[in-house]
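For reference, the chains in residue letters:
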Amino acid sequence: MVKAARARASVSIEDIMNSLRFERIDFRGPFQTPQGNILFLIESHLFVLPELVDLFNRKKLDREGIQGLATQFPLSERVFEP
């Protein structure tokens, strides 16, 4: 699988998926756009991989963290960069 963008630590897509599974959070993906963005559909919200990596690194990749990100930054206000 594709490796996640490097943040403070090396986090793979598998790490993200395993964490979501451990928290029993339903998700679909990963999906890759033609621009190269990696997307996940989590609880009716669309997230790009760097958002999930950030939550993972802050130990907030749980239901509360997902809901907080989704309500704080609606999809229409987020900027996606390739």
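Note that the structure is predicted; figures quoted are calculated from it, not measured.

**Student:** Tell me about the nonpolar core, and name the residues and values.
**Tutor:** Ile16, Phe40, Ile42 and Leu52 are the most contacted members of the largest nonpolar core, which totals 19 residues. In contact with Ile42, other than residues within four places in its own chain, are Leu20, Ile25, Asp26, Phe27, Phe47, Leu52 and Ile66.

**Student:** Explain the pairing of strand β1 (residues 27-32) residue by residue, including any values.
**Tutor:** Pairing analysis gives 4 bridges linking β1 to strand β2 (residues 38-42), with the strands arranged antiparallel. Within β2, the residue paired with Phe27 across the bridge is Ile42. Linking β1 back to β2 in an antiparallel pair, the connection comprises 5 residues, with Gly36 at a positive phi of about 100°.

**Student:** Go over the pattern of salt bridges, please, and point to the residues and values.
**Tutor:** Tallied over the entire structure, the rule returns 2 salt bridges. Measuring nitrogen to oxygen at the nearest pair gives 2.0 Å for the salt bridge that ties Glu43 to Arg63. Here the residue Glu43 occupies a position in the loop between β2 and β3 (45-48), and Arg63 occupies one in helix α3 (residues 63-72), the gap between them amounting to 20 residues. Of the residues examined, Arg63 reaches a relative accessible area of 39% and is grouped as partly exposed.

**Student:** So, the pairing of β2: which residues are in play, and what are the values?
**Tutor:** Counted residue by residue, β2 has 4 buried out of 5 residues, so it is predominantly covered. Summarising the sheet, β2 and β3 pair through 4 bridges and their orientation is antiparallel. In the sheet register, Phe40 faces β3, and the bridge partner there is Phe47. Taking the residues between adjacent antiparallel strands as the criterion, β2 and β3 are bridged by 2 residues, where Glu43 takes a positive phi near 50°.

**Student:** Could you give me a rundown of α3, with the residues and numbers involved?
**Tutor:** Restricting attention to buried positions, one finds in α3 the residues Gly65, Ile66, Leu69 and Ala70. Take α3 and look down its axis: the buried residues cluster within an arc of 130°, on one side only. For α3, the exposed residues set more than 90 degrees away from the buried face come down to Glu64, Thr71 and Gln72. Lining the buried residues of α3 we find β2, β3 and α2 (49-57).

**Student:** Before we move on, could you go through unusual backbone geometry and cite the residues and values that matter?
**Tutor:** Across the junction of Gly29 and Pro30, the peptide omega takes the value 10°, indicating a cis bond. Within the secondary structure, Pro30 is located in strand β1. Of note, Arg24 is a non-glycine position whose phi angle comes to about 60°, a positive value. Note on placement: Arg24 falls in the loop between α1 (13-22) and β1. Even without glycine at this site, Glu43 takes up a positive phi of about 50°.

Scoring rules and cut-offs
- Residues numbered from 1 in each chain as written.
- Predicted model: local features only at pLDDT ≥ 70, side-chain atom pairs only at ≥ 80, totals over all residues.
- Heavy atoms only, no water.
- Core = buried A, V, L, I, M, F, W, Y, C linked by side-chain atoms within 4.5 Å.
- Buried < 20%, exposed > 50% of the residue type's maximum accessible area, 1.4 Å probe, protein only.
- Contact = heavy atoms within 4.5 Å.
- Pairing = 2+ DSSP bridges.
- Helix = DSSP H or I, 4+ residues; strand = E, 2+ residues; numbered from the N terminus.
- Salt bridge = Lys/Arg side-chain N within 4 Å of Asp/Glu carboxyl O.
- Arc of directions from axis to C-beta.

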